[in-house]
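# Per-entry structural report
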Amino acid sequence: MSGTSAALQPPADSVQPVRHPDAPAPGELLGAHYGQCFGCGDEQPHGLHLQARAGEGVSITAEFTVRTAHQGAPGLAHGGVLATALDEALGSLNWLLRTIAVTGRLETDFVQPVPVDTVLHLDARVTAVAGRKIYCTATGRIGGPEGPVAVRAEALFIEVKVDHFIDHGREEEIQAAMSDPDQVRRARAFEVNP
């Protein structure tokens, strides 16, 4: 990344990330963490519908197709949508750590335009952990997983308690998520981004 800020540099006492023993196996589809999530939710008609798979170590791969509803300039993906895709991929990493975390900082480089109907191939990984801080990086490529880099990001996620969402979320959505009889979906609804 060019111009990475000091806030995204792990401190000297940071440690290598450790994949949780109960994390999904490499290659396993992670699924949506919440049906209404704009990034991965299947209940959002104009959402990204990003699909992430567990990778080796503390990494994931994901992809999404840029649709007409995602454009900024005519025929090109909106930069904010691309940043959202990177943020969603980075947030999915927390499922491999089995921790609840929110985005604290996200820095994005836009390397080349991404046309509508392009599949963006994302690769994200945790690079270090320091207390409640989780440092990670992601790359988005077009034309395949080995294609040219179109976007990349570095991020800092902060581990939080589920109370973060309960205290700041809208009560009706919080209650709906907490009432879900599926324990995994109920837990995952609160795993990333406020």
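Residues numbered from 1 in each chain as written. Predicted model: local features only at pLDDT ≥ 70, side-chain atom pairs only at ≥ 80, totals over all residues. Heavy atoms only, no water.

### Remarks on the overall build of the protein chain
Test applied: A run of H or I in DSSP counts as a helix once it spans at least four residues, and a run of E counts as a strand once it spans at least two, with each numbered from the N terminus. Each residue gets one of three labels from its accessible area relative to the maximum for its type: buried under 20%, exposed over 50%, partly exposed in between, using a 1.4 Å probe on protein chains only. Two residues form a contact once any of their heavy atoms are found within 4.5 Å. Reported accessibility uses the Shrake-Rupley method at a 1.4 Å probe radius. Residues are deemed covered only where the shown protein chains occlude them.
When you go through the protein chain residue by residue, the secondary structure sums to four helices and six strands. Element order for the protein chain, N to C, with α for helix and β for strand: β-β-α-β-β-β-β-α-α-α. Expressed as a percentage of the 194 residues in the protein chain, the buried residues total 45%. If you take every contact in the protein chain between residues at least 6 apart in sequence, the share linking residues at least 24 apart comes to 67%. Of the roughly 9700 Å² of accessible surface on the protein chain, 51% is carried by carbon and sulfur atoms.

### Thoughts on the side chain of His-70
Note the threshold: Polar contact is defined as a pair of N or O atoms within 3.5 Å, subject to the rule that within protein one atom must be able to donate a hydrogen and the other to accept it, and that residues adjacent in sequence are counted only when both atoms are side-chain atoms.
As for its position among the elements, His-70 is in the loop between β2 (59-65) and α1 (79-97). Polar contacts involving the side chain of His-70 include one to the main-chain carbonyl oxygen of Gly-47, which spans 3.2 Å.

### Quick word on the sheet that holds strand β4 (residues 119-130)
Rule in force here: Should DSSP find at least two bridges between two strands, the strands are regarded as paired. Note on geometry: axes are lines fitted to C-alpha atoms, helical ones only across the stretch in contact, with angles between N-to-C directions running from 0 to 180 degrees.
Ordered in space as β1-β2-β4-β5-β6-β3, the six strands form an open sheet in which the pairing is antiparallel. Two strands bound the open sheet, and with one partner strand each, they are β1 (51-54) and β3 (101-110). Going across the sheet, the axis of each strand differs from the next one's by a mean of 20°, ignoring polarity. Note: strand β5 (residues 133-142) against strand β6 (residues 149-159), nine bridges, orientation antiparallel.

### A few points about the packing of aromatic side chains
This is how it is decided: To pair, rings of Phe, Tyr and Trp, with the six-membered ring standing in for Trp, must have centres within 6.5 Å; the planes then decide the type, stacked if under 30 degrees apart, edge-to-face if over 60, and tilted in the middle. Over a ring means this: the NZ of a Lys or the CZ of an Arg is within 6 Å of the ring centre and within 35 degrees of the ring normal.
Inspection of every chain in the model, using the stated rule, returns zero aromatic pairs. Sitting above the plane of the Trp-95 ring, Arg-98 keeps its charged end 4.5 Å from the centroid.

### Side note on α1
What counts, and what does not: The span expected for a helix works out to 1.5 Å for each residue beyond the first.
The end-to-end C-alpha distance of α1, which contains 19 residues, comes to 28 Å, matching closely the 27 Å that a straight helix rising 1.5 Å per residue would cover. The element α1 is largely enclosed, with a buried count of 16 among its 19 residues. Of the residues trailing α1, Arg-98 is marked for its positive phi of about 55°.

### Structural notes on the pattern of salt bridges
A side chain of one charge can pair with a side chain of the opposite charge when the charged atoms of the two come close. Note the following rule: One side-chain nitrogen of Lys or Arg within 4 Å of one carboxyl oxygen of Asp or Glu is enough to make a salt bridge.
All told, the structure shown has three salt bridges when counted by the stated rule. Residues Arg-152 and Asp-109 are paired through a salt bridge, measuring 3.5 Å at the closest nitrogen-oxygen approach. With Arg-152 in strand β6 and Asp-109 in strand β3, this residue pair connects regions lying 43 residues apart in the sequence. With a relative accessible area of 28%, Arg-152 lands in the partly exposed category.

### Re unusual backbone geometry
Despite not being glycine, His-49 has its phi angle at roughly 55°, a positive value. Mapped onto the fold, His-49 is located in the segment before β1. The class of His-49 is partly exposed, set by a relative accessible area of 34%.

### Quick look at the environment of Ala-85
Turning to its location among the elements, Ala-85 is positioned in helix α1. For Ala-85 and Ala-62, which are 23 residues apart along the polypeptide, the C-alpha to C-alpha distance reads 9.2 Å. Setting aside residues no more than four positions away along its own chain, Ala-85 makes contact with Leu-48, Leu-50, Phe-64, Leu-120 and Leu-122.

### Side note on the nonpolar core
Where a protein is soluble and globular, its nonpolar side chains tend to be buried together. Keep this limit in mind: Buried Ala, Val, Leu, Ile, Met, Phe, Trp, Tyr and Cys residues form a nonpolar core when they are joined through side-chain atoms within 4.5 Å.
In terms of nonpolar packing, the biggest core is built from 39 residues, with Ile-60, Phe-64, Leu-90, Leu-120, Leu-122 and Val-126 touching the most fellow members. Among the elements of the structure, β1, β2, α1, β4, β5 and β6 are those that each provide at least two residues to this core. Tallying contributions element by element places α1 first for this core, with 10 residues. Excluding anything up to four places from it in sequence, Leu-122 contacts Leu-50, Ile-60, Thr-61, Ala-62, Ala-85, Leu-86, Ala-89, Thr-139 and Gly-140. Judged by nonpolar contacts, the second largest core, of six residues, contains Leu-8, Ala-128, Tyr-135 and Ile-158.

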